[in-house]
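Examining the three-dimensional arrangement
One letter stands for each residue in the lines below.
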Amino acid sequence: MKTLHIGLRVADRQASTDFYRKLGYEVVGTVPDSPIGHLTMMRLPGDEYVTLELVASPDLAPAAEPGLSHLVVATQSLDDAVHALSLHGIPVEGTSPPDPESIRTAHITDPDGNAIELVQWPVGHPAGMTADDFPRADAAGDLASEGWGG
């Protein structure tokens, strides 16, 4: 199994579509009359498949209801991504300093308040998170001495 895409409830379909286009997403297609609302299917230029589905519905649930925690987007150069976003007027927060041996991150927020984390992997790191990125636990659930835990 694998994750196919993230579905985001959005209040303003056009504002959200415009925002994600500025972030680099492309519209793959739409489903205007689905049972859950108007769907806009998006992907990043290097992705073969849809990875983001914007769901706009006239009876949008209040923002206080459970929903997405955050969306993570990988970038080759965090500095280039931050620069491009600033040109589009999108504020970027919490940009970590350059370190060739560490994961670099920055954070932005979409028009509905959804948190987005931008990630630049260190040189030689796989294209995504693996078990090696987390501490090991022994059979009792205690952290072992390898990995981040020790």
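Look above for the structure.
Below is a short write-up of the structure. Per-chain numbering applies: the sequence of each chain, read as written, is numbered from 1 onward. With pLDDT at 70 or above as the cut-off, local features in this predicted model cover only qualifying residues; side-chain atom pairs require 80 or more to be listed or tallied, and sums for whole chains, interfaces and linings still use all residues. Here the side-chain values reflect all heavy atoms present in the structure, with hydrogen atoms and water set aside.

All right, on to the overall build of the protein then. Only DSSP runs of H or I with at least four residues qualify as helices, and only runs of E with at least two residues qualify as strands; both kinds are numbered from the N terminus onward. Looking only at helices and strands, one finds two helices and seven strands in the protein. Reading the protein from its N end, one meets helices and strands in the order β-α-β-β-β-β-α-β-β. Using a 1.4 Å probe on the protein chains alone, a residue whose accessible area is under 20% of its type maximum counts as buried, one over 50% counts as exposed, and one in between counts as partly exposed. Counting the 150 residues in the protein, one finds 28% classified as buried. Carbon and sulfur atoms make up 55% of the accessible area of the protein, which totals about 9500 Å². Surface accessibility in these figures is a Shrake-Rupley result with a 1.4 Å probe; residues are shielded only by whichever protein chains are displayed.

Before going further, it helps to spend a moment on the environment of Asp 112. Inspection of the secondary structure assignment puts Asp 112 in the loop between β6 (104-109) and β7 (115-120). We classify Asp 112 as partly exposed; its relative accessible area is 29%. For the pair Asp 112 and Ala 11, spaced 101 residues apart in sequence, the C-alpha separation works out to 6.6 Å. Not counting residues within four places of it along the chain, the set of residues in contact with Asp 112 comprises Arg 9, Val 10, Ala 11, Asp 12 and Ser 16. Nitrogen and oxygen atoms within 3.5 Å of one another constitute a polar contact, given that in protein one can donate a hydrogen and the other can accept it, and given that sequence-neighbouring residues count only through two side-chain atoms. Looking at Asp 112, its side chain comes within polar contact range of the main-chain nitrogen of Ala 11, at 3.1 Å. In this structure the side chain of Asp 112 is engaged in a polar contact, spanning 3.3 Å, whose partner is the side chain of Ser 16. The contact rule is simple, with two residues in contact once any of their heavy atoms fall within 4.5 Å.

Any two strands are treated as partners once DSSP identifies two or more bridges connecting them. The strand order across the open sheet built from four strands is β1-β4-β3-β2, with neighbouring strands paired in mixed fashion. On the outer flanks of this sheet lie β1 (6-10) and β2 (26-34), each paired with one strand and no other. Here the strands of the sheet are splayed against their neighbours by 20 degrees on average, with no regard to which way each runs. Of the strand pairs in this sheet, strand β3 (residues 37-43) and strand β4 (residues 52-56) are connected by five bridges, and their pairing is antiparallel. By the bridge assignment for β4, Met 42 is matched with Leu 52. A fitted line through C-alpha atoms represents every axis, and for helices the fit uses only the stretch in contact; the resulting angles, taken between N-to-C directions, go from 0 to 180 degrees.

Attention now goes to the environment of Ile 116. Summarising the element assignment, Ile 116 is placed in strand β7. For Ile 116, a relative accessible area of 0% corresponds to the buried category. On a C-alpha basis, the gap between Ile 116 and Val 73 in space is 7.3 Å, while along the polypeptide they are 43 residues apart. The residues contacting Ile 116, other than those within four sequence positions of it, are Phe 19, Tyr 20, Leu 23, Leu 71, Val 73, Ala 106, His 107, Ile 108 and Asp 110.

What follows is about the sheet that holds β7. Spatial ordering of the open sheet is given by β5-β7-β6, a layout of three strands whose pairing is mixed. Single-partner strands in this sheet number two, and they are β5 (70-74) and β6. For this sheet, the mean inter-axis angle between neighbouring strands, taken without regard to orientation, is 25 degrees. Bridging between β5 and β7 involves five bridges; their strand directions are parallel.

Moving on, we get to the pattern of salt bridges. When a carboxyl oxygen of Asp or Glu is within 4 Å of a side-chain nitrogen of Lys or Arg, the pair counts as a salt bridge. This structure, assessed with the given rule, holds two salt bridges. Residue Glu 26 pairs with Arg 43 through a salt bridge whose shortest N-O separation is 3.6 Å. Of the two residues, Glu 26 sits in strand β2 while Arg 43 sits in strand β3, which places them 17 residues apart along the sequence. Judged by relative accessible area, Arg 43 falls into the partly exposed class, the value being 26%. Its salt-bridge partner being Arg 104, residue Asp 79 comes within 3.2 Å of it at the nearest N-O pair. Of this pair, Asp 79 sits in helix α2 (residues 78-87) while Arg 104 sits in strand β6, and the two are 25 residues apart along the sequence. Its relative accessible area of 5% is what places Arg 104 among the buried residues.

Function cannot be read off these values alone, since they describe shape.
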